[in-house]
Amino acid sequence: QVSLVESGGGLVQAGGSLRLSCAYSGRTFISYSFGWFRQAPGKEREFVALIGWSDSMTRYADSVNGRFTISRDNAKNTVALQMDTLKPEDTAVYYCGASPSLSEQARTYFAWGQGTQVTVSS
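Quick summary incoming for the structure in this document. What you see is a predicted model, and the numbers here were worked out from it, not measured in a lab.

### Quick notes on the state of the cysteines
1) Next: Under the definition given, this model contains 1 disulfide.
2) Next: Disulfide pairing places Cys-22 opposite Cys-96 at an S-S distance of 2.3 Å. Residues Cys-22 and Cys-96 share a disulfide whose torsion about the S-S bond is about -80°; that sign makes it left-handed. Note that Cys-22 is positioned in strand 3 (residues 18–24) and Cys-96 in strand 9 (residues 92–99), a separation of 74 residues in sequence. The two residues Cys-22 and Cys-96 agree in class, both being buried.

Here you go:
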């Protein structure tokens, strides 16, 4: 049994900020990597950011590097994605996933949340 639940999505204007949160269950998850992916209408799910065992092990897609920050709180079983300087092209459904290893490939992830909508207006 695994569980991931995203929250924090919403509607913001370009240049604004939004913070997404992913709550996960199971102590075993502390040993896994977590990733944020997004999927816009008519497009495939794409990598946004990932985090390993600690905040010191992170990786970002070029499109969000410098604007987004991924972090995790193992004590609270949460993974966050701070999104700053949002752009209209960031509009998508954002998903949190769990993986046994560091990976930018969606197929590597064995568990996903239901997704949360992020809409950025111009």
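Let's pick the thread back up.
### Quick look at unusual backbone geometry
1) Next: Look at Asn-77: it is not a glycine, yet its phi comes out positive at around 55°.
2) Next: Tracing the chain through its elements places Asn-77 in the loop between strand 7 (68–73) and strand 8 (78–83).
3) Next: Positive phi, close to 50°, is recorded for Thr-85, a residue that is not glycine.
4) Next: Examined against the element boundaries, Thr-85 turns out to sit in the loop between strand 8 and strand 9.

### Details of the sheet that holds strand 8
1) Next: In space, the 4 strands of this open sheet follow the order 1-3-8-7, with antiparallel pairing throughout. Both outer strands of the open sheet, strand 1 (4–7) and strand 7, are each paired with one neighbouring strand and no more. Neighbour-to-neighbour, the strand axes of the sheet open up by a mean angle of 15°, direction not taken into account.
2) Next: With 6 bridges joining them, strand 3 and strand 8 adopt antiparallel strand pairing. Within strand 8, the position partnered with Leu-18 by the bridge is Met-83.

### Observations regarding the pairing of strand 7
1) Next: Pairing between strand 7 and strand 8: 6 bridges, direction antiparallel. Note that in strand 8 the partner of Arg-72 across the bridge is Val-79.
2) Next: Connecting strand 7 to the next strand, strand 8, in antiparallel fashion are 4 residues, including Asn-77 with a positive phi near 55°.

### Comments concerning the pairing of strand 4 (residues 33–39)
1) Next: Across the 7 residues of strand 4, 6 count as buried, placing the element largely inside the fold.
2) Next: As defined by bridge partners, strand 4 adjoins strand 9 across 7 bridges and the pair is classed as antiparallel. Within strand 9, the position partnered with Gln-39 by the bridge is Val-93.
3) Next: Pairing geometry for strand 4 and strand 5 (residues 46–51), over 5 bridges, is antiparallel. In the strand pairing of strand 5, Trp-36 is matched with Ala-49.

### Let's talk about the packing of aromatic side chains
Two measures describe an aromatic ring pair: the distance that separates the ring centres and the angle between the ring planes.
1) Next: Following the criterion strictly, the structure yields 6 aromatic pairs and no others.
2) Next: Both rings, one in Phe-37 and one in Phe-47, keep their centres 5.7 Å apart while their planes meet at 75°; by these two values the pair is edge-to-face. With Phe-37 in strand 4 and Phe-47 in strand 5, this residue pair connects regions lying 10 residues apart in the sequence. Each member of the pair, Phe-37 as well as Phe-47, is classed as buried.
3) Next: Taking 5.4 Å as the distance between ring centres and 40° as the angle between the ring planes, the aromatic pair formed by Tyr-109 and Trp-112 counts as tilted.
4) Next: We classify Tyr-109 as buried; its relative accessible area is 6%.

Reading the values: the criteria
Residues numbered from 1 in each chain as written. Predicted model: local features only at pLDDT ≥ 70, side-chain atom pairs only at ≥ 80, totals over all residues. Heavy atoms only, no water. Disulfide = S-S within 2.5 Å. Helix = DSSP H or I, 4+ residues; strand = E, 2+ residues; numbered from the N terminus. Buried < 20%, exposed > 50% of the residue type's maximum accessible area, 1.4 Å probe, protein only. Pairing = 2+ DSSP bridges. Axes fitted to C-alpha atoms, helices over the stretch in contact; angles between N-to-C directions. Phe/Tyr/Trp six-rings, centres within 6.5 Å; stacked < 30°, edge-to-face > 60°.

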